[in-house]
Amino acid sequence: MLVVRNQDGSLRGFHNVCRHRGAQLVPGGPGRTPDGEAPCRSGKFRGAIVCPYHAWTYSLSGELRQARFLDERHGLRREQLSLHEVGVATWGGFVFVNLTPQEAGTLEDQLGPVPESLRRYSLGRLRTARRITYDVAANWKVVAENYNECYHCGPVHPELCDLVPAFRENGGAGLDWADGVPHREGAWTFTASGTSERRPFPELSALERERHKGELVYPNLMLSCSADHVAAFMLWAEGPGRTVITCDFLFAPEEMERPDFDPSDAVAFWDVVNRQDWNICESVQRGMGSRPFRSGYYAPMEDAAVDIRRYIRTRLGEA
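Residues numbered from 1 in each chain as written. Predicted model: local features only at pLDDT ≥ 70, side-chain atom pairs only at ≥ 80, totals over all residues. Heavy atoms only, no water.

A. Quick look at the overall build of the chain. A count of helical and extended segments in the chain gives 8 helices and 13 strands. Summarising its shape, the C-alpha atoms of the chain cover approximately 75 × 55 × 35 Å along the three principal directions. Put simply, the chain has 319 residues, and 43% of those count as buried. Sequence-distant contacts in the chain: of pairs separated by 6 or more residues, those separated by 24 or more amount to 60%. Total accessible area on the chain is roughly 17,400 Å²; 50% of this is exposed by carbon and sulfur atoms. Treating the 37 positive side-chain charges of the chain as one cloud and the 42 negative ones as another, the clouds have centres 8 Å apart. (Helix = DSSP H or I, 4+ residues; strand = E, 2+ residues; numbered from the N terminus. Buried < 20%, exposed > 50% of the residue type's maximum accessible area, 1.4 Å probe, protein only. Contact = heavy atoms within 4.5 Å. Areas by Shrake-Rupley, 256 points an atom, 1.4 Å probe, with all protein chains shown as cover. Lys, Arg positive; Asp, Glu negative; His and termini not counted. Charge placed at Lys NZ, Arg CZ, Asp CG, Glu CD.)

B. Just the sheet that holds strand β13 (residues 242–251), in detail. Spatial strand order, β8-β13-β12-β11-β10-β9: 6 strands in an open sheet with antiparallel pairing. Each of the sheet's edge strands pairs with one partner strand only, and the pair in question is β8 (127–136) and β9 (181–182). By the bridge criterion, 5 bridges tie strand β11 (residues 221–225) to strand β12 (residues 230–239) in an arrangement that is antiparallel. Counted as the bridge partner of M222 is F233 from β12. Together, β8, β10 (211–217), β11, β12 and β13 form the strand contacts of helix α7 (residues 264–288), whose direction differs from that of β8 by roughly 25°. (Pairing = 2+ DSSP bridges. Axes fitted to C-alpha atoms, helices over the stretch in contact; angles between N-to-C directions.)

C. Main features of the nonpolar core. The biggest cluster of nonpolar side chains holds 41 residues, and the ones touching the most others in it are F167, F190, F233, I245, F249 and W278. Elements represented by at least two residues in this core include exactly β8, α3 (140–147), α5 (158–163), β12, β13, α7 and α8 (303–316). Looking at this core, the element that brings in the most residues is α7, giving 7 residues. Excluding residues within four positions of it along the chain, F190 makes contact with L160, L163, V164, F167, H183, H212, S226, H229, A266, F269 and W270. (Core = buried A, V, L, I, M, F, W, Y, C linked by side-chain atoms within 4.5 Å.)

D. Representation of a nonpolar patch on the surface. The grouping of M1, V3, V95, V97 and L99 at the surface amounts to a nonpolar patch, some 420 Å² of accessible area in total. If you trace the backbone, V3 turns up in strand β1 (residues 2–5). (Patch = residues over 30% accessible without salt bridge, like charges linked within 9 Å, V, L, I, M, F, W, Y side chains within 5 Å. Salt bridge = Lys/Arg side-chain N within 4 Å of Asp/Glu carboxyl O.)

E. Region of interest: the packing of aromatic side chains. In this structure the tally under the stated criterion is 9 aromatic pairs. Ring geometry for F233 against W278: centres 6.2 Å apart, planes inclined by 80°, an arrangement best described as edge-to-face. In this pair, F233 is assigned in strand β12 and W278 in helix α7, connecting sequence segments 45 residues apart. Here F233 matches W278 in class, with each residue buried. Relative to F261, the ring of F251 lies with its centre 5.2 Å away and its plane at 80°, an arrangement referred to as edge-to-face. Of the two residues, F251 sits in strand β13 while F261 sits in the loop between α6 (253–256) and α7, which places them 10 residues apart along the sequence. Comparing F251 with F261 shows no difference in burial state: the two are buried. Positioned over the ring face of Y311 is R315, at 3.7 Å from the centre of the ring. (Phe/Tyr/Trp six-rings, centres within 6.5 Å; stacked < 30°, edge-to-face > 60°. Lys NZ or Arg CZ within 6 Å of the ring centre and 35° of its normal.)

F. Expanded view of the sheet that holds strand β4 (residues 57–58). Spatial strand order, β3-β4-β5: 3 strands in an open sheet with antiparallel pairing. For this open sheet the edge positions go to β3 (49–50) and β5 (64–66), each flanked by a neighbour on one side alone. Here β3 pairs with β4 via 2 bridges, running antiparallel. Paired with V50 across the strands is T57, a residue of β4.

G. Layout of the state of the cysteines. The tally for this structure, following the rule as stated, stands at 1 disulfide. At a sulfur-sulfur separation of 1.9 Å, the disulfide partner of C150 is C153. Disulfide C150 to C153: torsion about the S-S bond roughly -105°, handedness left-handed. Left without a disulfide partner, C18 is nearest to the cysteine sulfur of C51, which lies 3.8 Å away. (Disulfide = S-S within 2.5 Å.)

H. Structural context of the packing of α3 against α8. Here α3 crosses α8 at 140°, and the two axes come no closer than 7 Å. One element, α3, and the other, α8, form an angle in the oblique class. Counted together, W140, K141, A144 and E145 of α3 and A305, I308, R309 and I312 of α8 form the full contact between these two elements. Taken together, the residues that form the contact of α3 with α8 break down as 5 nonpolar, no polar and 3 charged. (Parallel < 35°, antiparallel > 145°, perpendicular 65-115°, else oblique. Nonpolar A, V, L, I, M, F, W, Y, C, P; charged D, E, K, R; others polar.)

Shape descriptors only; they carry no functional weight alone.
The structure is reproduced here in structure tokens:
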């Protein structure tokens, strides 16, 4: 995909393929970029998109401007050779791409209650202070299922459960994600100490200043919101048994401007929890590949984990 900002400031998205012979307009192989980041690149076009193969030239709105040495005399119809467009919309500082915009509903419909739930975190104004990229040998749906339940938290996350004792209780049943999950007494954020020198986001409610919220935006965005920072996970499916996960740590810009700003307390705590999750997800992936495995069993406290399967089923059909 190509996502570009047009001259009027609007975003447009296109398949990364020339209408002439199918060359990539921005060349690049599969997998990670040379600097180890997720499978995406960034850069600038100088006013137009030019195919590196035969120099067909497109506007940033996708229309074919020029095909070298060709015109209507050769049967060329520019209006029929625009780039293949994809749907692009934004929310909370994130860019969402949809490959079938004619069939999809609006982004607002797909996000459902998430924007209202996270409204006071002002995600759109936060900035990325740190990014960690993980290469996980597990299917992306396994990772999403894991994020959607805390039945595993007691056995897998001792440090996390020390910070949020409610994660141990009844296998994570009955957690109130709508109002946020409470920390242990005296703690209010996801760090080893449960505290930080950073100030809470100014617009949070009294409960949000003391609790933790989490949302899964299907299919591949996971948001974990503390009072002073947000961990944003993006899942990039690289195949049936591999997922590249980028974890961005978002903070208020005024906090990042302070001379003593240091995000390492949150980053270090999350890195411990993340690696515990990815290790157990890889174990699940290996187990699912064993000869007798056909399907799993879902306990009542895992009902939200089953939700990813409902999401997939509605898109694949019962057959």
